[in-house]
Amino acid sequence: MNATTTPATHAGGLCVAGIGCGSGCDADDILALLHEATGRAHCRPGLIAIPDFRADCAALHAAARQAGLPLRVVSHADLLAAQPRCVTRSARVMAAHGVASVAEGCALVAAGDGARLVVARMAFRRVTCAIARTEHT
(Lines give C-alpha, C1' and ligand atoms only; values in the text may rest on other atoms or scores of the structure.)
Protein backbone atom coordinates (compact mmCIF):
# COMPACT_ATOMS: atom_id res chain seq x y z
CA MET A 1 0.00 0.00 0.00
CA ASN A 2 1.39 3.45 -0.82
CA ALA A 3 0.47 7.03 0.01
CA THR A 4 -1.95 7.26 -2.91
CA THR A 5 -3.84 4.10 -2.03
CA THR A 6 -7.32 4.55 -0.59
CA PRO A 7 -7.29 3.54 3.08
CA ALA A 8 -8.91 0.23 3.92
CA THR A 9 -12.36 0.23 5.40
CA HIS A 10 -13.58 -2.48 7.71
CA ALA A 11 -16.97 -3.69 8.84
CA GLY A 12 -16.86 -1.01 11.54
CA GLY A 13 -15.65 1.76 9.22
CA LEU A 14 -12.30 3.41 8.60
CA CYS A 15 -9.74 2.84 11.35
CA VAL A 16 -6.80 5.28 11.66
CA ALA A 17 -3.78 5.21 13.95
CA GLY A 18 -2.51 8.59 15.08
CA ILE A 19 1.12 8.60 16.16
CA GLY A 20 3.09 11.16 18.11
CA CYS A 21 6.72 10.78 19.04
CA GLY A 22 9.71 12.52 20.48
CA SER A 23 12.91 13.09 18.59
CA GLY A 24 15.08 10.02 18.64
CA CYS A 25 12.14 7.62 18.74
CA ASP A 26 12.62 4.10 17.44
CA ALA A 27 10.66 2.32 14.67
CA ASP A 28 10.44 -0.86 16.75
CA ASP A 29 8.84 1.09 19.62
CA ILE A 30 6.35 2.64 17.18
CA LEU A 31 5.44 -0.78 15.80
CA ALA A 32 5.10 -2.32 19.28
CA LEU A 33 2.72 0.43 20.42
CA LEU A 34 0.81 0.35 17.13
CA HIS A 35 0.31 -3.39 17.56
CA GLU A 36 -0.92 -2.95 21.14
CA ALA A 37 -3.30 -0.10 20.27
CA THR A 38 -4.82 -1.79 17.24
CA GLY A 39 -5.31 -4.96 19.27
CA ARG A 40 -7.29 -2.98 21.82
CA ALA A 41 -9.29 -1.32 19.02
CA HIS A 42 -9.98 -4.67 17.29
CA CYS A 43 -9.15 -3.19 13.90
CA ARG A 44 -6.35 -2.86 11.39
CA PRO A 45 -5.77 0.76 10.49
CA GLY A 46 -5.99 1.89 6.90
CA LEU A 47 -3.27 4.47 7.52
CA ILE A 48 -1.03 6.14 10.06
CA ALA A 49 -1.50 9.85 10.69
CA ILE A 50 1.39 11.97 11.93
CA PRO A 51 1.83 15.68 12.71
CA ASP A 52 3.50 17.93 10.18
CA PHE A 53 6.28 18.76 12.64
CA ARG A 54 7.37 15.09 12.48
CA ALA A 55 6.94 14.64 8.72
CA ASP A 56 10.68 14.05 8.28
CA CYS A 57 11.01 11.53 11.12
CA ALA A 58 12.84 8.51 9.68
CA ALA A 59 11.51 6.16 12.38
CA LEU A 60 7.89 6.99 11.48
CA HIS A 61 8.53 6.37 7.79
CA ALA A 62 10.33 3.09 8.56
CA ALA A 63 7.53 1.90 10.85
CA ALA A 64 4.87 2.72 8.25
CA ARG A 65 6.81 0.83 5.57
CA GLN A 66 7.22 -2.19 7.84
CA ALA A 67 3.51 -2.12 8.75
CA GLY A 68 2.54 -1.76 5.09
CA LEU A 69 0.56 1.41 5.79
CA PRO A 70 0.57 4.82 4.13
CA LEU A 71 1.37 7.93 6.15
CA ARG A 72 -0.86 10.97 6.19
CA VAL A 73 0.68 14.20 7.41
CA VAL A 74 -1.75 16.30 9.43
CA SER A 75 -1.31 20.08 9.27
CA HIS A 76 -0.88 22.07 12.45
CA ALA A 77 -4.12 23.97 11.69
CA ASP A 78 -6.10 20.72 11.38
CA LEU A 79 -4.46 19.32 14.50
CA LEU A 80 -5.34 22.47 16.42
CA ALA A 81 -8.96 22.31 15.23
CA ALA A 82 -9.27 18.72 16.51
CA GLN A 83 -8.11 19.52 20.05
CA PRO A 84 -11.60 19.99 21.56
CA ARG A 85 -12.43 16.38 20.56
CA CYS A 86 -9.32 14.95 22.24
CA VAL A 87 -9.61 13.37 25.68
CA THR A 88 -6.01 13.56 26.91
CA ARG A 89 -3.77 16.57 27.34
CA SER A 90 -0.02 17.04 27.76
CA ALA A 91 1.25 20.33 29.13
CA ARG A 92 4.74 19.52 27.84
CA VAL A 93 3.52 18.93 24.28
CA MET A 94 1.34 22.04 24.48
CA ALA A 95 4.37 24.13 25.41
CA ALA A 96 6.50 22.61 22.66
CA HIS A 97 4.01 22.44 19.78
CA GLY A 98 0.94 24.50 20.65
CA VAL A 99 -1.37 21.48 20.83
CA ALA A 100 -2.05 19.31 23.86
CA SER A 101 -2.85 16.02 22.13
CA VAL A 102 -0.93 14.89 19.06
CA ALA A 103 -1.79 11.21 18.57
CA GLU A 104 -5.51 11.65 19.25
CA GLY A 105 -5.75 14.79 17.12
CA CYS A 106 -3.97 13.16 14.19
CA ALA A 107 -6.18 10.07 14.36
CA LEU A 108 -9.38 12.12 14.50
CA VAL A 109 -8.38 14.41 11.63
CA ALA A 110 -7.30 11.61 9.33
CA ALA A 111 -10.35 9.45 10.09
CA GLY A 112 -12.55 12.31 8.91
CA ASP A 113 -15.89 13.79 9.83
CA GLY A 114 -17.83 11.78 12.35
CA ALA A 115 -14.75 9.98 13.66
CA ARG A 116 -14.57 8.98 17.29
CA LEU A 117 -11.71 7.76 19.43
CA VAL A 118 -11.84 4.06 20.12
CA VAL A 119 -8.46 3.98 21.89
CA ALA A 120 -7.30 7.12 23.69
CA ARG A 121 -3.63 8.00 23.78
CA MET A 122 -1.36 5.18 24.85
CA ALA A 123 2.31 5.83 25.54
CA PHE A 124 5.41 3.67 25.29
CA ARG A 125 8.87 5.11 25.66
CA ARG A 126 9.02 8.13 23.30
CA VAL A 127 5.89 7.22 21.31
CA THR A 128 2.15 7.85 21.66
CA CYS A 129 -0.64 6.21 19.68
CA ALA A 130 -4.41 6.66 19.51
CA ILE A 131 -6.98 4.98 17.29
CA ALA A 132 -9.98 6.71 15.73
CA ARG A 133 -12.71 5.15 13.66
CA THR A 134 -15.31 6.55 11.32
CA GLU A 135 -18.46 4.48 11.42
CA HIS A 136 -20.13 3.85 8.09
CA THR A 137 -23.89 3.64 8.01
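The structure we're discussing is the one just above.
On a predicted model such as this, the values are computed, not experimentally measured, just so you know.

**Student:** Any chance you could explain the packing of helix H1 (residues 27–41) against helix H2 (residues 58–67) here in plain terms?
**Tutor:** Any two packed helices are characterised by how steeply their axes cross, that is the angle between the axes, and by the distance between the axes. The geometry of H1 relative to H2 is characterised by a closest axis approach of 8 Å and an angle of 50° between their N-to-C directions. In terms of their interaxial angle, H1 and H2 are classed as oblique. The crossing of H1 and H2 is right-handed. Contacts between H1 and H2 involve Ala27, Asp28, Ile30, Leu31 and Leu34 from the former and Ala59, Leu60, Ala62, Ala63, Gln66 and Ala67 from the latter. Partitioning the contact of H1 with H2 into residue classes produces nine nonpolar, one polar and one charged.

**Student:** What's the story with the state of the cysteines in this structure? I'm lost.
**Tutor:** As used here, a disulfide is simply a covalent bond connecting the sulfur atoms of two cysteines. All told, the structure shown has one disulfide when counted by the stated rule. Sulfur-sulfur distance for the disulfide between Cys15 and Cys43 comes to 2.0 Å. Pair noted here: Cys15 is in strand S2 (residues 13–21) and Cys43 is in the loop between H1 and strand S3 (47–51), with a separation of 28 residues, a long-range link. The class for Cys43 is buried, based on a relative accessible area of 12%. With no disulfide partner, Cys21 has as its closest neighbouring cysteine sulfur the one in Cys25, 3.3 Å distant. With no disulfide of its own, Cys86 lies 8.9 Å from the sulfur of Cys106, the closest cysteine sulfur.

**Student:** Would you take a moment to explain the layout of surface pockets for this structure?
**Tutor:** Sizing a probe to match a water molecule and rolling it over the atoms shows the empty space that remains. As a volume, the largest pocket reaches approximately 350 Å³. Elements with a minimum of two residues in the lining of the largest pocket: S2, helix H4 (91–97), helix H5 (102–111), strand S5 (116–124) and strand S6 (127–134). Residue contributions to the lining of the largest pocket peak at three residues, all from H4. A class-by-class count of the residues in the lining of the largest pocket yields eight nonpolar, six polar and five charged.

**Student:** Which parts of the structure should I look at to understand the environment of Arg125?
**Tutor:** Along the polypeptide, Arg125 turns up in the loop between S5 and S6. Arg125 sits in the exposed class, given a relative accessible area of 65%. For Arg125, the side chain forms a polar contact with the side chain of Asp29, separated by 3.0 Å.

**Student:** Looking at this structure, I do not really get H5. What am I missing?
**Tutor:** Given 3.6 residues to a turn, an α-helix orients residues that are three or four positions apart in the same direction. Of all ten residues making up H5, ten are buried, and the element is well covered by its neighbours. Once H5 finishes, Gly112 follows within two positions and takes phi at roughly 95°, a positive value.

**Student:** Would you mind showing me how to read the pattern of salt bridges here?
**Tutor:** When charged atoms on two side chains of opposite charge get close, those side chains can pair. Going through the model one piece at a time under the given rule, you end up with two salt bridges. Here Glu36 ties to Arg40 by a salt bridge, and the two come within 3.1 Å at their closest N and O atoms. Highlighted residues: Glu36 and Arg40, both in helix H1, separated by four residues, approximately one helical turn. Residue Glu36 is classed as partly exposed on the basis of its relative accessible area of 38%.

Reading the values: the criteria
Residues numbered from 1 in each chain as written. Predicted model: local features only at pLDDT ≥ 70, side-chain atom pairs only at ≥ 80, totals over all residues. Heavy atoms only, no water. Axes fitted to C-alpha atoms, helices over the stretch in contact; angles between N-to-C directions. Helix = DSSP H or I, 4+ residues; strand = E, 2+ residues; numbered from the N terminus. Parallel < 35°, antiparallel > 145°, perpendicular 65-115°, else oblique. Left-handed = near helix turned anticlockwise from the far one by under 90°. Contact = heavy atoms within 4.5 Å. Nonpolar A, V, L, I, M, F, W, Y, C, P; charged D, E, K, R; others polar. Disulfide = S-S within 2.5 Å. Buried < 20%, exposed > 50% of the residue type's maximum accessible area, 1.4 Å probe, protein only. 1 Å grid on protein atoms, 1.4 Å probe; cavity = no way out; pocket = protein on both sides within 12 Å on 5 of 7 lines; lining within 4 Å. Points joined across faces, edges and corners; volume = space filled by probe spheres on them. Polar contact = N/O pair within 3.5 Å; in protein donor to acceptor, adjacent residues only side chain to side chain. Salt bridge = Lys/Arg side-chain N within 4 Å of Asp/Glu carboxyl O.

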